[in-house]
Amino acid sequence: MSEYASAKPMLLQGNEACVAGALYAGVEFFAGYPITPSTEIAEGMAREMPRIGGRFIQMEDEIASIAAIIGASNAGLKSMTATSGPGFSLMQENIGYAYMTETPCVIVDVQRGGPSTGLPTKISQADIQQARWGTHGDYTAITLAPSTVRGCFEETVRAVNMAERYRTPVVVLTDEVLGHMREMMVIPAPGEMEVYKRHKPDVPPDWYHHFEITPSLVSAMASFGDGYRYNISGLTHDQDGFPTAQPKEIKEKLDKLRTKIMRYADEIYRIRAEMMEDAHVAVISTGTVARSALQAVKMAREKRIKVGTIQPLTIWPFPDQPIHDMLKNVKKVIVAELNMGQLVQEVARVAPRTCEVLFLGRYDGEVMAPQMILDKIREAVK
């Protein structure tokens, strides 16, 4: 039995909470390669998979890791890997293959400083744009960004559910500090959180199309060995998976990759807002920075500054309309992040013209303290 099956309070790292979330969501296959600061996820899955009858494989590198989980998913298993920046870069070609072949899988990226080998033991949030645009071509990504240990658990469960529901890769972005911090949490009882089961075909094999364009735009997914015949290819393909050069079929395929996500965007978006009712200034942040932002806003409120905080837990697809609406009555918005300016580009794109967008960045490997954000808030209200 898994050590995370208990309903008693547990003092968990963020990385351990990702393991617990994966188990709760029904992940049965993990392939990975150890890399700081995500290694505890691989260690946890290596320990837990045999206990539940699942499979763990340590691969020779991250390219093989993502390839293995794609294969396992097509064989019918909920599958996941975990990595950090350099490994995430190596995975990009096969992540694109998973988008094109509509293969459900989850990638946890515990961010560290970069580029290249960068800062293995230091914090960063510089993979935000890579999580959206890392692989070439047109597709629509889903990326989630928790800020607490409990959030690591919940967003991992949600990532597995969405990967299975929409037949797509889903990325969970955490960071070095969140991955290694410890907080108390209680693992929910079975049934307390939704666990989505993959939609299997309910038609005879002769009627089955692996990439059928259905009313929901999410095709039923037969596993290898189920008796259904189909082809899988990274080439742009028709509804049976065979390569096509027909403009109509090409457009239908690419439209499907986008629309099957954006049609359900309101269900995918998750945003946490605090003290925004009368705010003249807003602070937008994700991940670990959102913790500091909330504390800074509370400090500013004690000084009678009308400021609130917005934390997108879903950063891709970016919640354009919800963020726009939240900023309608705001004079200035501060985007705080641990990079040279990535999320701020999206906020500037969707903010009302009456709202001035300010950037607060840090990229020296250290956390952004609440005082830094408070100082920026004071500057904004002068």
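Residues numbered from 1 in each chain as written. Predicted model: local features only at pLDDT ≥ 70, side-chain atom pairs only at ≥ 80, totals over all residues. Heavy atoms only, no water.

Trainee: Any chance you could break down the pattern of salt bridges for me, citing the residues and the numbers?
Mentor: In this structure the tally under the stated criterion is 26 salt bridges. Between Glu3 and Arg51 there is a salt bridge whose closest N-O contact spans 3.5 Å. Taken as a pair, Glu3 in the segment before strand 1 (9-13) and Arg51 in helix 2 (residues 39-52) lie far apart in primary sequence, 48 residues in all. Asp255 is the salt-bridge partner of Lys251, the closest N and O atoms lying 2.7 Å from each other. A residue pair is termed a helical-turn pair when its members lie 3 or 4 positions apart in one helix, as Lys251 and Asp255 do in helix 8 (residues 247-262) at 4 residues. Residue classification places Lys251 among the exposed positions, given a relative accessible area of 55%. Under the relative-accessibility criterion, Asp255 is labelled partly exposed at 35%. Three or more residues are tied together by salt bridges with common partners; here these are Glu3, Arg47, Glu48 and Arg51. (Salt bridge = Lys/Arg side-chain N within 4 Å of Asp/Glu carboxyl O. Helix = DSSP H or I, 4+ residues; strand = E, 2+ residues; numbered from the N terminus. Buried < 20%, exposed > 50% of the residue type's maximum accessible area, 1.4 Å probe, protein only.)

Trainee: Before we move on, could you go through the side chain of Asn339 and cite the residues and values that matter?
Mentor: With respect to the secondary-structure elements, Asn339 resides in the loop between strand 13 (332-337) and helix 12 (343-350). Since its relative accessible area comes to 1%, Asn339 is described here as buried. Polar contacts involving the side chain of Asn339 include one to the main-chain amide nitrogen of Gln342, which spans 3.2 Å. What Asn339 contacts, discounting residues up to four positions off in sequence, is Gln125, Ala126, Ile128, Phe359, Gly361, Arg362 and Tyr363. (Polar contact = N/O pair within 3.5 Å; in protein donor to acceptor, adjacent residues only side chain to side chain. Contact = heavy atoms within 4.5 Å.)

Keep in mind these numbers describe shape, not what the thing actually does.
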